[in-house]
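Working through the structure, step by step
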Amino acid sequence: MRTATVLNAVIVMECLVFGAGVGARAQEVPQQLRLAPGDIEFPVPAGGQTGTSGVGALQVKVLSGDPKKPGLYTLVIKAGPNITIKPHAHPDNRVSVVVAGTFYFAYGDEFDESRLKALPAGSFYTEPPNANHFRCDEG
């Protein structure tokens, strides 16, 4: 496995649109939010949270919206070192920005370390609907 120096955790911000009912949510008044990094309180790592792909070592915070309802929502994900997420897909379209650390990401149906691309802080990537992808956060 490749090694990387990470800042205690890799932090990824994902903005997502779930379901076809986006127009139905247009009547709701969006919440006004201004959050500095220190304002975001992460929960204890748990594998059953939205955005964890079943991996128990991830910390996921929903910043805006509701992942269980149609419409736009935003998550921030904190991953400690040495986490591997096996190939999987989502029904919704996801776009992400690496906020801190280095994140390794690839597309494909089988985990293949040689396909992982190092994405340092400031990097952008997409997770198209139903497209298998995998990740690795190593330290």
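Reference entry: report on the structure contained in this document. (Residues numbered from 1 in each chain as written. Predicted model: local features only at pLDDT ≥ 70, side-chain atom pairs only at ≥ 80, totals over all residues. Heavy atoms only, no water.)

**A few points about the pattern of salt bridges**
Note the cut-off: The rule for a salt bridge is simple: a side-chain nitrogen of Lys or Arg has to be within 4 Å of a carboxyl oxygen of Asp or Glu. Buried, partly exposed and exposed residues are distinguished by accessible area as a fraction of the type maximum, computed with a 1.4 Å probe on protein chains only: under 20%, between the cut-offs, and over 50%, respectively.
Taken as a whole and judged by the stated rule, the model has two salt bridges. Where E127 meets R135, a salt bridge forms, and the shortest distance between an N and an O atom there is 2.3 Å. Across the pair, exposure class does not vary: E127 and R135 are buried alike.

**Describing the sheet that holds strand 4 (residues 83-88)**
Our working rule: Note: two strands are recorded as paired if DSSP finds a minimum of 2 bridges between them. Put simply, DSSP H or I for four residues or longer makes a helix, DSSP E for two residues or longer makes a strand, and each gets a number counted from the N terminus. To get an axis, fit a line to the C-alpha atoms, keeping to the stretch in contact for a helix; angles then go from 0 to 180 degrees between the N-to-C directions.
What the four strands build is an open sheet, ordered 4-9-6-7; its pairing is antiparallel. With partners counted over all chains shown, the strands left at the sheet margins are strand 4 and strand 7 (117-120), one partner each. Mean inter-strand twist for the sheet, computed between neighbouring axes without regard to direction, equals 20 degrees. Here strand 6 (residues 102-107) pairs with strand 7 via four bridges, running antiparallel. Residue pairing in the sheet places F105 in a bridge with K117 of strand 7.

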